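Listed below are the residues making up each chain.
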Amino acid sequence: MNEAQRPRALDPIELIRRRLGRLAAASRLSLGWERLWPRLWIPAAIALTFLALSWFGLWTALPWQGRALGVTLFALALAASLVHIARMALPTRRDALNRLDHSLEGAHRPASALEDSLAVGTGDPVSQALWKLHVERQGERVAGLKVAAPRPLMAGRDRFALR
């Protein structure tokens, strides 16, 4: 086996950054669901109302002009509610890291700290050793990070308890 084929041990910091990448992706999904669900229930309510009226036979009781007007109104309402979803800002990696930082009590930004780089003293061995120690300590804290479940807080947005 030559040197190119030999598997190399991964740097511990690289392993920590890979774990942080997976955690950040899961955190972005959780944040995305928190932002999407409050906007998604309106089109769902419109579609379910249309289905309920259809199952009750409203469209068969109306003349064709009433059916056309009803379907058009429902389609416009659904399109307007979907525009609200299309304007939603997707969560960034920075948002995900901030959420991860807040999920660990007592730690000082462990997830965001691993994204930082040494600003001054890159040629100084003492500074590099201190920086490596800092990254390793923050990496140990990253091992305790967990992605919090989505909290869309619908009860606060739904004053009439229609959900």
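See the structure printed just above.
Residues numbered from 1 in each chain as written. Predicted model: local features only at pLDDT ≥ 70, side-chain atom pairs only at ≥ 80, totals over all residues. Heavy atoms only, no water.

Draft legend 1. Representation of the packing of helix 1 (residues 12–55) against helix 6 (residues 125–142) in the model. Running from N to C, helix 1 and helix 6 point in directions that differ by 45°, and their axes come no closer than 10 Å. Considering the angle they form, helix 1 stands oblique to helix 6. Of the two possible hands of crossing, helix 1 and helix 6 adopt the one that is left-handed. Together, Ile13, Ile16, Arg19, Leu20 and Leu23 of helix 1 and Lys132, Val135, Gly139 and Val142 of helix 6 make up the contact between the two elements. (Axes fitted to C-alpha atoms, helices over the stretch in contact; angles between N-to-C directions. Helix = DSSP H or I, 4+ residues; strand = E, 2+ residues; numbered from the N terminus. Parallel < 35°, antiparallel > 145°, perpendicular 65-115°, else oblique. Left-handed = near helix turned anticlockwise from the far one by under 90°. Contact = heavy atoms within 4.5 Å.)

Draft legend 2. Representation of the packing of aromatic side chains in the model. The final tally for this structure, using the stated rule, is four aromatic pairs. An angle of 20° between the planes, with centres 5.6 Å apart, marks the rings of tryptophan 33 and tryptophan 37 as stacked. A residue pair is termed a helical-turn pair when its members lie 3 or 4 positions apart in one helix, as tryptophan 33 and tryptophan 37 do in helix 1 at four residues. Take tryptophan 37: its relative accessible area is 30%, and that puts it in the partly exposed class. Taken together, a centroid distance of 5.5 Å and an interplanar angle of 35° make the contact between phenylalanine 50 and tryptophan 59 tilted. On the accessibility criterion, phenylalanine 50 (25% relative accessible area) is partly exposed. Tryptophan 59 sits in the buried class, given a relative accessible area of 12%. Grouping aromatic residues by their ring pairs yields a cluster made of Phe50, Trp59 and Phe74. (Phe/Tyr/Trp six-rings, centres within 6.5 Å; stacked < 30°, edge-to-face > 60°. Buried < 20%, exposed > 50% of the residue type's maximum accessible area, 1.4 Å probe, protein only.)

Draft legend 3. Main features of the pattern of salt bridges. Scanning the model with the defined rule gives two salt bridges in all. For arginine 99, the salt bridge identified is with glutamate 34, shortest N-O distance 2.7 Å. Linking arginine 99 in helix 4 (residues 93–103) with glutamate 34 in helix 1, this pair joins segments that are 65 residues apart in sequence. For glutamate 34, a relative accessible area of 15% puts it in the buried group. Here aspartate 95 ties to arginine 35 by a salt bridge, and the two come within 3.4 Å at their closest N and O atoms. With a gap of 60 residues between them, aspartate 95 in helix 4 and arginine 35 in helix 1 connect regions that are remote in the sequence. (Salt bridge = Lys/Arg side-chain N within 4 Å of Asp/Glu carboxyl O.)

Draft legend 4. Quick look at the nonpolar core. Within the largest apolar cluster, 13 residues are counted, with the highest numbers of intra-cluster contacts made by Leu20, Leu97, Leu100, Ala111, Leu114, Val142 and Leu145. Of all the secondary structure elements, the ones that give two or more residues to this core are helix 1, helix 4 and helix 6. Ranked by residues supplied to this core, first place goes to helix 1 with five residues. For leucine 97, the residues in contact, after removing those within four places along its chain, are Leu20, Ala24, Ala111, Ser112 and Glu115. (Core = buried A, V, L, I, M, F, W, Y, C linked by side-chain atoms within 4.5 Å.)

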